[in-house]
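Working through the structure, step by step
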Amino acid sequence: MCMNQHDANEPFNGLSQAQAAQGLKDDGPNELSPPKKRTVWHILADLVREPMLQLLLAAGAIYLLLGDRGEALMLLAFVLLTVVISVSQEQRTERVLEALRDLTSPRALVMRDGETVRVAGREVVRGDLLLLTEGDRVAADALLLQANDLQCDESLLSGESMPMAKRALESGDTEAEQHRVFAGALVVGGQGRARVTATGPRSEMGRIGKSLAEIEAPTTPLHQQTRRLVRVFSFLGLSLSAALVLIYGLLRGDWLAGLLAGITLAMSMLPQEFLLILTVFMAMGAWRLSKQRVLSRRSATIETLGSATVLCTDKTGTLTFNKMAVAGLAVSLADEKGLQLRSAEAPVLPSEFHVLLEFAVLASELDPFDPMERALVELGQASLPPAALHPNWRLLHEYALSAALPAMTHVWSADEAGHVVAIKGAVESVLALCHPTATQAQALTQQAEAMAARGLRVLAVARASWPGEPWPADPSGFEFELLGLCAFADPLRPEVPAAIAECRAAGIRVLMVTGDHPATALAIAAQAGLAQSGPALTGTAMAALSADELGRQVATQHVFARIKPEQKLALVEALKAQGEVVAMTGDGVNDAPSLKAAHIGIAMGGRGTDVAREASSLVLLDDNFGAIVQAVRLGRRIFDNLRKAMAFVLAVHVPIAGLSLLPLLLGLPLILSPVHIAFLELLIDPVCSVVFEAEPEEADVMARPPRDPAAPLFSKGMLGWSLLQGGLILLAVGGWFAGLLSYGVAPEQARALAFVALVACDVALILANRSFSGPLLAAWLRPNRMLGWMLAATALLLALALGLAPLRAVFKFELPPSELLAASLALGCVVLLLLEALKRLFHQFLIGEAASLASKRDTASLTLPPSSSSA
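None of the values given here were measured: they were computed from a predicted structure.

Examining the overall build of the protein chain
Broken down by element type, the protein chain carries 30 helices and 23 strands. Counting only residues that meet the buried cut, the protein chain has 55% of its 871 residues in that class. In the protein chain, once contacts between residues fewer than 6 apart in sequence are set aside, the share between residues at least 24 apart is 74%.

Listed below in structure tokens is the structure:
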């Protein structure tokens, strides 16, 4: 479809913000099946099915049967507190997930109050003016007002795999499907503007019932490991509890008391916190990533971030600002004396550069989005006479940029001048279409390489004429005349060198994969601090390599230039065949396969297409390389804190289970009952799900090699460390209780002192597990507001249990002497010092184990066949 340049530039104001808000209120969000929100009643229904809550209720019922109303009421109070804590945590998680759903929803480019704005797809309303470009997912049904070689893939609606050509509705046309675009369709070529006619369930997709209900995501490796762990401990706990009920009932004849003892043991061993930890950590991790302007589209990505070994990044807009300015123009002279170079910063552009700039503008989009095209259009409007902008010319045909020919070609109807063709693109591609003399080609190539060596992006510009339709199948059918070169400056982001150095320290290789000239790529790589010795590997050279040869190249190469999008996929597969965990950036439609194949696909949020976003697992809202490194840092922190929380939960259950079981086996007075365990759960749940989640990162978080993704959550070293910590507390508290009884302390006082000692030791366990590597003082000085609140609440509850006579009766405590109470608290300090001393010894073992795992992975990667590395 032809487009009049003057008409195309007329203002399209779109709706006002007030009109859009009213439309959203009238028609509702542009959603077919909004996600169901979990109400308080849904959360309560799930809680009732929780084994721990059922055990608490069962224990309360038994206490009522035994006539112990105080204990029953106390357990009921703990049930209510547990419900309140669980509901608040669930609602907090739901709020985080809801905010993330809003951020990650499909986007739409619309006109509001005369300005181009990017909004969430759910906020599009009837009457909105949609701006459509290649790679966009159409947000709503709309009528085309303008179209330039627009093609849409409507297979989601019609099942038709071939793209549909679209054109704008003109006067005299009868409205038909070719004049409309539909929600869910994918723009595969061209661009256009369209007025929204239907949204949400009123769209064509809504009417034919193509629901977009959420698909249940497959469980991640961490979830699978955690579920196995929960099943093992649940089976063990319930089996021991059943055995205890039988033994107690048969030997002592008191079946109700036996059932109560069995419930106590079951409560002490059920690891219900594990799944809670994983849910909260993944949700809060995604939220923390979003604060870094990085959106996580899949929870498994958060698990993988800490394992990344190779980071393949684009240059433009990621390492650089993608804020182009024309830095130089070079024109081709007819007398073959060579090229003239002129800085575009000159206040008046000499006339010999006008034709070059004129055709560079003609080869750009009418409403440019690309930064280089915007720079050309702005310079043209400032430097060229109005007649050279050709406001009355009509764009008749466009040959889009493609992998085969990285150049943009426009055919214009030039009135009395006939048809004029303008092309701009990669120097070697345009040069091949122009057939210059050897002298011209040499001069042009030398000038382009000199520009590129300064880190400039270089495009060649040419022109041709054509008598009229039919058009050639591709631009090679035109006889082009070379006009010259345009060079663009795109400065490196200042934070990039430090971020690349940080990756190097963290054991992550950074590879630059760009479509730019090799000299440009090498110049930017040198500025960024990428270790590249020798020339860049070009797409042409890469295409000639076998799979084995490419594997050897990717092991040492850091700069890849003139790489086509489909070659990124081969690069990802070659790296995966080497045993690497690959993160890959991309923004275009053709980048989707490589983003999907990478372990971590990273789409550009600012300039990326919807297709790239849908194929990715992370989206960078600022297209900033520094944000990727921050995401890796945060991923490592999340996994560190997850292991700390899991280690704490496993360790804390050892003394609780031991102190529930051993007095029964040894004939000693009971230390713990369901009331005591319910109290301890009020301490454990917030600690594992909130306090450890908020823990700051370790000082060496980016000074370690990436973790092995195949390594279990609980390695042998971590499992042994948790059991050792728990065993130490069990020995300390159990020995303290037995010693008190042997010295004639009343059982009720001994129970109170042992319980205080257990709580103090649990606090010591929290403090010892705040850091795996740093000293205790450094861990203390790290800020964690949630820890302060938790310690204060624990101290208050413990003081109430000891200080109030009704609560002492429920807990079966007697107020002990102050000196013994101080000794119980001091026991916690002693345990903390012992844990710190043991941690130093155990840390060396853990480091050795981690190194062994890394060594095994590296050895395996040398012999790993390519097929076995596929995700």
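Describing the side chain of Asp141
The residue Asp141 is located in strand 5 (residues 141–153) in this model. It turns out Asp141 is buried and unbridged, and the closest side chain with the opposite charge, Arg180, is 4.1 Å from it. In this structure the side chain of Asp141 is engaged in a polar contact, spanning 2.9 Å, whose partner is the backbone nitrogen of Ala183.

Observations regarding helix 28 (residues 785–803)
The end-to-end C-alpha separation of helix 28 is 27 Å, in line with the 27 Å expected for 19 residues at 1.5 Å each. Among the residues of helix 28, Leu787, Met790, Thr794, Leu798, Ala801 and Leu802 are the ones counted as buried. Looking down the long axis of helix 28, one finds its buried residues gathered within 95 degrees of arc, a one-sided arrangement. Those residues of helix 28 that are exposed and angled more than 90 degrees off the buried face are Arg785, Trp789 and Leu796.

Here's the deal with the side chain of His558
With respect to the secondary-structure elements, His558 resides in the loop between helix 19 (547–554) and strand 20 (559–561). Within polar-contact distance, the side chain of His558 engages the backbone oxygen of Thr556 at 3.2 Å.

Things to note about the sheet that holds strand 23 (residues 618–620)
On the basis of which strands lie adjacent, the open sheet formed by 8 strands has the order 9-23-22-21-10-18-20-19 and mixed pairing. The open sheet has two edge strands with one neighbour each: strand 9 (294–296) and strand 19 (537–538). Pairing between strand 19 and strand 20: 2 bridges, direction parallel. Residue Thr538 lies in a different strand from strand 20, and its bridge partner there is Ala561. On top of the sheet, helix 17 (residues 518–528) reaches strand 18 (509–513), strand 19 and strand 20; it is set at about 150 degrees to strand 20, its chief contact.

What to know about the nonpolar core
Formed by 110 residues in total, the largest nonpolar core has its most connected members in Phe274, Ile602, Phe625 and Leu642. Tallying contributions element by element places helix 23 (residues 625–666) first for this core, with 20 residues. Phe353, Val361, Val377 and Leu395 belong to the second-largest nonpolar core, a separate cluster that totals 32 residues.

A few points about the pairing of strand 15 (residues 419–425)
The element strand 15 is largely enclosed, with a buried count of 7 among its 7 residues. Residue alternation in strand 15 divides its side chains into two sets, His419, Val421, Ile423 and Gly425 and Val420, Ala422 and Lys424, and both sets are buried. The sheet contact formed by strand 14 (residues 407–413) and strand 15 spans 7 bridges and is antiparallel. Looking at strand 15, one finds that Thr409 is bridged to Ile423. The sheet contact formed by strand 15 and strand 16 (residues 457–466) spans 7 bridges and is antiparallel. Considered in strand 16, the bridge of Gly425 is made with Ala460.

Some words on the pattern of salt bridges
Scanning the entire structure with this criterion turns up 14 salt bridges. A salt bridge links Glu693 to Arg288; the shortest N-O distance between them is 2.7 Å. Taken together, the residues span a long stretch of sequence, with Glu693 in the loop between helix 24 (674–691) and helix 25 (716–742) and Arg288 in helix 10 (residues 273–291) at a distance of 405 residues. What makes Glu693 buried here is its relative accessible area of 4%. According to the relative accessible area criterion, Arg288 is buried, its value standing at 18%. In this structure, Glu428 and Arg562 form a salt bridge, with 2.5 Å as the shortest nitrogen-oxygen distance. One end of the pair, Glu428, is in helix 14 (residues 427–434); the other, Arg562, is in the loop between strand 20 and helix 20 (565–577), with 134 residues separating them in the sequence. It is possible to trace a salt-bridge network through shared partners that takes in Lys315, Arg457 and Asp516.

Overview of a nonpolar patch on the surface
Taken together, the side chains of Leu246, Ile247, Leu250, Leu251 and Trp255 present a nonpolar region at the surface, about 590 Å² in accessible area. Take the nonpolar patch: its biggest share by element is 4 residues, from helix 8 (residues 221–252). Mapped onto the elements of the fold, Leu250 is located in helix 8. On the basis of relative accessible area, Leu250 is assigned to the exposed category, the value being 66%.

Regarding the confidence of the model for the protein chain
Here the protein chain shows a mean pLDDT of 78. Residues at 70 or above account for 77%. Looking at the elements of the protein chain, mean pLDDT is at its lowest for helix 1 (residues 5–8), recorded as 39, and at its highest for strand 15, recorded as 93. In this model residues 209–218 is a low-confidence stretch, pLDDT under 50, and it forms 11 contacts with partners more than four residues away in sequence or in other chains.

Regarding helix 20
Since one α-helical turn is 3.6 residues long, residues separated by three or four positions face the same way. Between the first and last C-alpha of helix 20 there are 19 Å, a value that for 13 residues agrees with the 18 Å anticipated at 1.5 Å per step. Among the residues making up helix 20, those that are buried are Gln567, Lys568, Leu571, Val572, Ala574, Leu575, Lys576 and Ala577. Positive backbone phi, at 85 degrees, marks Gly579, one or two positions downstream of helix 20.

Re the environment of Thr585
Take Thr585: it is sitting in strand 21 (residues 582–586). By relative accessible area, which is 1% here, Thr585 ends up buried. Of the polar contacts made by the side chain of Thr585, one reaches the backbone nitrogen of Asp314; its length is 2.9 Å.

Things to note about the state of the cysteines
Throughout the structure, instances matching the rule amount to 0 disulfides. With no disulfide partner, Cys829 has as its closest neighbouring cysteine sulfur the one in Cys761, 9.3 Å distant.

Some thoughts on the packing of helix 12 (residues 354–362) against helix 13 (residues 371–383)
Between helix 12 and helix 13, whose axes approach to 9 Å, the crossing angle comes to 135 degrees. Taken together, the axis directions place helix 12 and helix 13 in an arrangement best described as oblique. At the point where helix 12 passes helix 13, the crossing takes the left-handed sense. When helix 12 is examined against helix 13, the residues His354, Leu357, Ala360 and Val361 are found in contact with a partner set consisting of Leu376, Val377, Leu379, Gly380 and Ser383.

Some thoughts on the packing of aromatic side chains
Enumeration over the complete set of coordinates arrives at 7 aromatic pairs. Summarising the aromatic geometry, the rings of Phe755 and Phe811 are spaced 6.2 Å apart at their centres and angled 50 degrees between planes, so their arrangement reads as tilted. Highlighted residues: Phe755 in helix 26 (residues 747–768) and Phe811 in helix 29 (residues 805–811), separated in sequence by 56 residues. Both residues of the pair, Phe755 and Phe811, count as buried. Taken together, a centroid distance of 5.6 Å and an interplanar angle of 45 degrees make the contact between Phe755 and Phe813 tilted.

Considering the environment of Val310
Positionally, Val310 belongs in strand 10 (residues 310–313). Classification of Val310 by relative accessible area gives buried; the value is 0%. Between the alpha carbons of Val310 and Met584 there is a distance of 8.5 Å; along the sequence they are 274 residues apart. Residues contacting Val310, with those up to four places away along its chain left out, are Ile508, Arg509, Leu511, Leu575, Glu580, Val581, Val582 and Ala583.

What to know about the pairing of strand 16
In terms of residue burial, strand 16 counts as a mostly covered element, since 7 of its 10 residues are buried. Note: strand 16 against strand 17 (residues 481–489), 7 bridges, orientation antiparallel. Paired with Ala462 across the two strands is Leu482, which belongs to strand 17.

Cut-offs applied
- Residues numbered from 1 in each chain as written.
- Predicted model: local features only at pLDDT ≥ 70, side-chain atom pairs only at ≥ 80, totals over all residues.
- Heavy atoms only, no water.
- Helix = DSSP H or I, 4+ residues; strand = E, 2+ residues; numbered from the N terminus.
- Buried < 20%, exposed > 50% of the residue type's maximum accessible area, 1.4 Å probe, protein only.
- Contact = heavy atoms within 4.5 Å.
- Lys, Arg positive; Asp, Glu negative; His and termini not counted.
- Salt bridge = Lys/Arg side-chain N within 4 Å of Asp/Glu carboxyl O.
- Polar contact = N/O pair within 3.5 Å; in protein donor to acceptor, adjacent residues only side chain to side chain.
- Expected span 1.5 Å × (residues − 1).
- Arc of directions from axis to C-beta.
- Pairing = 2+ DSSP bridges.
- Axes fitted to C-alpha atoms, helices over the stretch in contact; angles between N-to-C directions.
- Core = buried A, V, L, I, M, F, W, Y, C linked by side-chain atoms within 4.5 Å.
- Patch = residues over 30% accessible without salt bridge, like charges linked within 9 Å, V, L, I, M, F, W, Y side chains within 5 Å.
- Areas by Shrake-Rupley, 256 points an atom, 1.4 Å probe, with all protein chains shown as cover.
- pLDDT = per-residue confidence, 0-100.
- Disulfide = S-S within 2.5 Å.
- Parallel < 35°, antiparallel > 145°, perpendicular 65-115°, else oblique.
- Left-handed = near helix turned anticlockwise from the far one by under 90°.
- Phe/Tyr/Trp six-rings, centres within 6.5 Å; stacked < 30°, edge-to-face > 60°.

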